[in-house]
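Analysis of the macromolecular model
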Amino acid sequence: MITLGTARAPPGETDTGRLEVGETRDGSPVRLPVAVINGATDGQTLYVQAVSDGDELNGLGVVNRVVPRIDPTELSGAVLVVGVVNYFAFQVAEHRNPIDDRKMNRGYPGDEEGTTSERIAHATFQAAKRADIILDLHQGSTSRMINETRVRCGIRHRLHGDCLELAKVFGCGHVLDIKGPDGQLARTGPEHGIPTIDPELGGAVGWDEESIRYGVGGVFNVLRHYGFLDGSVDLERQHRARGFDQYGSPAGGLVRFERDLGERVSSGDLLFEVTDTFGGLKGRVTADDDGIFWRTRRLPQVAAGEYVCSVGTNVDEY
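Summary of the structure given here.

Calculation criteria
Residues numbered from 1 in each chain as written. Predicted model: local features only at pLDDT ≥ 70, side-chain atom pairs only at ≥ 80, totals over all residues. Heavy atoms only, no water. Axes fitted to C-alpha atoms, helices over the stretch in contact; angles between N-to-C directions. Helix = DSSP H or I, 4+ residues; strand = E, 2+ residues; numbered from the N terminus. Parallel < 35°, antiparallel > 145°, perpendicular 65-115°, else oblique. Left-handed = near helix turned anticlockwise from the far one by under 90°. Contact = heavy atoms within 4.5 Å. Nonpolar A, V, L, I, M, F, W, Y, C, P; charged D, E, K, R; others polar. Pairing = 2+ DSSP bridges.

Quick word on the packing of helix α1 (residues 58–69) against helix α6 (residues 209–225)
Where α1 contacts α6, the two axes come as close as 8 Å, and the packing angle between them is 50°. What the angle tells us is that α1 and α6 run oblique. Relative to α6, α1 is oriented so that their crossing is right-handed. Residue-level inspection shows Asn58, Gly61, Val62, Arg65, Val66 and Arg69 of α1 in contact with α6, the latter providing Glu209, Ser211, Ile212, Gly215, Val216, Val219 and Phe220. A breakdown of the residues in the contact of α1 with α6 according to their chemical character gives six nonpolar, four polar and three charged.

Re the sheet that holds strand β15 (residues 270–275)
Note: strands within a sheet are paired through backbone hydrogen bonds, in either parallel or antiparallel orientation. Strand order in the open sheet made by the four strands is β16-β15-β13-β18, with antiparallel pairing throughout. Unpaired on one side and paired on the other, β16 (281–286) and β18 (301–302) mark the two borders of the sheet. One ladder, built from five bridges, connects β15 with β16; its direction is antiparallel. Across the sheet, residue Thr275 finds its bridge partner in β16, namely Leu281.

Observations concerning the environment of Arg224
Of note, Arg224 is situated in helix α6. With 31 residues separating them in the primary sequence, Arg224 and Gly193 have C-alpha atoms 21 Å apart. Leaving out residues up to four positions away in the same chain, Arg224 has contacts with Leu229, Asp230, Gly231, Ser232 and Val233.

In structure tokens form, the structure reads like this:
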């Protein structure tokens, strides 16, 4: 029998339930939706979570499609799933937890006596620590972004190679290999000996079906490659960026991009122009380095100095 919160699944069965992580302001319990898929035979454990940022819903779309498709009678090992991590932010479709104004993915491994975010991080990390592999599903919030996977442990970490392999297996096509901030699950997992990646499944307001398909395919790639399910995975070479240049607007106005997401750029290439309301040119911004056009703001209007786009740099393939 494998349990997670109120979900209880004997070998060869799936169950869903709730994981209690605290209380709301009226004293009602906060219960996160969870699932346990217990394979018919022994094997490793995979932990999957989504919506640690309350407006990043593509990961929830992946969970919504993946869990019903995994047949526990054909599974070796177990899959533990937390479908919505940031309970309070999800309810109001905001990025940060509105109760303590915290970004959930900066609070791992959490604190069982801390703020609401720290308590949720603690409870979900206790589940994640039971696993051999961790997938923390994200997206580019409301920005436009290529589908990518992030390796956040840093190149000197003893599990860096394992995390890179996991990112290649997931197979979004692009990997950002830069050490992440303290408190990210993709940094904390490796510190506890668990290969962990942070797939950033595009960017959208709501759900983006193409990015969700990437995520579903990635989860099943992991399940097959690591022996949870029968089948093999053809590993494709990934474009890896080990740097990230961000560009702000030189003036207020309307942005017109001159590059498409995923496109290769060279130093000096025009990235975008800024015009006034009537199309008069106010500024032009070019690339500082060679790289890949990685991420942009979604709306065209900008203030002077406001974020506009990013280019992944120091790019290779592996």
